[in-house]
Amino acid sequence: METIHIFHTNDFHSHLEHWPRIQEFLMNKKKHHQSKGEDLFLFDIGDFIDRWHPYTEATKGRGNITLLNQCGYTAVTIGNNEGVNLPHDDLDHLYDEAEFDVINANLYQKNGHYPDWVKPYKVYRTTKGTRIGVIGLTARFDHLYGLLGWGITEPLEELKKWLEPVKKEADVIILLSHLGIKDDEYIAEHFPDIDLILGAHTHHFLEKGKLVGRTLIGAAGKFGYFVGHMTLQVNEKKEIVHKEAILYDFQDIPPLENEQEQIQDFLEKGKELLNEKVTVLKEPLIHDFFHETNFSKLLCKALRNWCQTDCAMVNAGLLLGSLSGVVTTYDLLKICPHPINPCVVELTGEELEKILEETNGEELPHKEIKGLGFRGTVLGIFVYDGIQFRNNQIFVNNHPLEKNRTYTFALPDMFTFGHFFKEVLPQKDKKYFLPEFLRDLLKWELEKQQ
């Protein structure tokens, strides 16, 4: 009988305040199981990087890859934070120094070939000769990948294609899935040859895994709050006779003596690398979630100018602080950490009016938001450029709104992902501007003004 250990992390999102303890924990587990002659494989299921953290932003994620190397990961798959939040060349070189495999079956170059740093699957051998086939898949954001110069294909079609060769070459099949819990459950039900699914993307956690048919699904939440561990018992015929899943809670892992120093070191390294002067402000730019300020107006103006539209809208909650005096690239990251891109939609005057009516409600500014790229807390009030309100009437560039006229409208992309303005935006064509984030627009506007 052979015991095989599979450890997994997912959706870390550069929460490096948890990393020193987790790294130490994983290294100790590795030593422990290897001393007992048991094989251990370590996988990350994507979104390990997130550009809100100064160290990640300054190194464009390559600093995070160093951390995975130091911990001895076996392989990773990519998440959307690697895939669509990095410019093409930065993703293309993200794994240049990786000492692990990058496994992903549905990311392609525009020419239809895999990038040279990607494998659709890989078969690993344990010391006792059990063959473990690993396939990777990531969530399909066709339009965004396309704008960045990549091709992304339908994950289930790729799974069907690559499962056939893997079945012939492997005794155990593992899927690294950055697709979300619903897709994982569907795959477990319809692809029973897969023994384990290590999940991600929807930030779900499964304390003891979830058995669907004969497939065991595992997932470790987000931000390093948990580490996943699956144990397989394999007999002499290379058949799995037992499998189980558990999660280790970060809070239950003993802290390190120098933990805070390591965490601070990540921040200081990033801050030092981002210490590039953008401008010197003559007057402070003031932040306020619930009042229009010179800063929120500047961000909205930058958005409209960048996108060259009739009008624009932002929410004040995108800004997390004020600026004064010397402004550096680090300062802009600190007050605008979101991986949110500009977007333009064409609206009739009537549709624009519906959106503006919704933004002027009492509740929306106080709404707390998680996800959609938003790294703040509350939405805050809405601020406009090119739109005026006078005597209960809407004006666009000082002309009364015409209900049948078409207007170009710039807004942060988070509002276009189906959670807001559902009467108007879901059915509209959207033009996304990538790879620039809103903080890049702020930098551009401040440099221009200087």
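The structure under discussion appears in the preceding block.
This structure is a prediction, so every number in the text was calculated from the model and none was measured. (Residues numbered from 1 in each chain as written. Predicted model: local features only at pLDDT ≥ 70, side-chain atom pairs only at ≥ 80, totals over all residues. Heavy atoms only, no water.)

**Details of the overall build of the chain**
Part 1: Along the chain, the regular secondary structure elements total 13 helices and 24 strands.
Part 2: Expected size for 450 residues packed as a compact globule is a radius of gyration near 22 Å; at 24 Å, the chain falls within 12% of this value.
Part 3: Burial analysis of the chain (450 residues in total) assigns 58% to the buried set.
Part 4: Of the contacts made within the chain by residues no fewer than 6 positions apart, 73% connect residues no fewer than 24 positions apart.
Part 5: Within the chain, the 68 negative side-chain charges are centred at a point lying 2 Å from the centre of the 49 positive side-chain charges. (Helix = DSSP H or I, 4+ residues; strand = E, 2+ residues; numbered from the N terminus. Rg over C-alpha atoms; globule rule 2.2 N^0.38 Å. Buried < 20%, exposed > 50% of the residue type's maximum accessible area, 1.4 Å probe, protein only. Contact = heavy atoms within 4.5 Å. Lys, Arg positive; Asp, Glu negative; His and termini not counted. Charge placed at Lys NZ, Arg CZ, Asp CG, Glu CD.)

**Points about the environment of Leu-42**
Part 1: For Leu-42, the location among the structural elements is in strand β2 (residues 39–44).
Part 2: A relative accessible area of 1% places Leu-42 in the buried class.
Part 3: With 34 residues separating them in the primary sequence, Leu-42 and His-8 have C-alpha atoms 5.7 Å apart.
Part 4: If we skip the residues at most four places from it in the chain, Leu-42 touches Phe-7, His-8, Leu-26, Cys-71, Gly-72, Tyr-73, Thr-74 and Ala-75.

**Details of the environment of Tyr-95**
Part 1: Along the chain, the position of Tyr-95 falls in the loop between α5 (88–92) and β4 (101–102).
Part 2: For Tyr-95, a relative accessible area of 7% translates into the label buried.
Part 3: Along the sequence, Tyr-95 and Ile-65 sit 30 residues apart, while their C-alpha atoms lie 6.9 Å from each other.
Part 4: Sequence-distant contacts of Tyr-95, that is, excluding residues within four places in its chain, are made with Ile-65, Val-76, Ile-78, Glu-82, Phe-100, Val-102 and Trp-117.

**Focus: helix α9 (residues 259–273)**
Part 1: Under the 1.5 Å per step criterion, the end-to-end length of α9 is 22 Å for 15 residues, consistent within 8% with the ideal 21 Å.
Part 2: All buried positions along α9 are accounted for by Glu-259, Ile-263, Phe-266 and Gly-270. Each buried residue of α9 sits inside an arc of 55° when the element is viewed along its axis, so together they form one side. Facing away from the buried side of α9 by more than 90 degrees, the exposed set consists of Gln-260, Glu-261 and Glu-272.
Part 3: For α9, the elements touching its buried residues are α1 (19–35), α2 (54–59) and α3 (62–71). (Expected span 1.5 Å × (residues − 1). Arc of directions from axis to C-beta.)

**Topic: empty space enclosed by the protein**
Part 1: In the structure shown here, the tally under the stated rule is 1 cavity of 30 Å³ or more.
Part 2: Here the largest cavity is characterised by a volume of approximately 40 Å³.
Part 3: Here the lining of the largest cavity is composed, by residue class, of 6 nonpolar, 1 polar and 2 charged. (1 Å grid on protein atoms, 1.4 Å probe; cavity = no way out; pocket = protein on both sides within 12 Å on 5 of 7 lines; lining within 4 Å. Points joined across faces, edges and corners; volume = space filled by probe spheres on them. Nonpolar A, V, L, I, M, F, W, Y, C, P; charged D, E, K, R; others polar.)

**Section: the packing of helix α10 (residues 294–307) against helix α13 (residues 438–449)**
Part 1: Look at α10 against α13: their axes get within 9 Å of each other, and the N-to-C directions meet at 95°. The pairing of α10 with α13 is recorded here as roughly perpendicular in orientation. Counting all contacts with α10, which are made through Phe-295, Leu-298, Leu-299, Lys-301, Ala-302, Leu-303, Asn-305 and Trp-306, the residues of α13 involved are Leu-438, Leu-441, Leu-442, Trp-444, Glu-445, Leu-446, Lys-448 and Gln-449.
Part 2: Its residues assigned to classes, the contact of α10 with α13 comprises 11 nonpolar, 2 polar and 3 charged. (Axes fitted to C-alpha atoms, helices over the stretch in contact; angles between N-to-C directions. Parallel < 35°, antiparallel > 145°, perpendicular 65-115°, else oblique.)

**Focus on α10**
Part 1: For α10, with 14 residues, the first-to-last C-alpha span of 20 Å sits near the 20 Å given by 1.5 Å per residue.
Part 2: Every buried residue of α10 is listed here: Phe-295, Ser-296, Leu-298, Leu-299, Cys-300, Ala-302, Leu-303, Arg-304 and Cys-307.
Part 3: Buried residues along α10 sit against β16 (311–315), α11 (329–335), β18 (342–348), β19 (382–385), β23 (406–412) and α13.
Part 4: Downstream of α10 by one or two residues, Gln-308 has phi in the positive range, about 55°.

**As for the layout of surface pockets**
Part 1: One number sums up the size of the largest pocket: a volume of about 920 Å³.
Part 2: Looking at the largest pocket, it is lined by 31 residues, and the ones nearest its centre are Gly-371, Leu-372, Gly-373, Phe-374 and Arg-375.
Part 3: Taken together, the residues that form the lining of the largest pocket break down as 10 nonpolar, 14 polar and 7 charged.
Part 4: Approximately 270 Å³ is the volume found for the second largest pocket.
Part 5: Split into classes, the residues belonging to the lining of the second largest pocket amount to 5 nonpolar, 4 polar and 2 charged.

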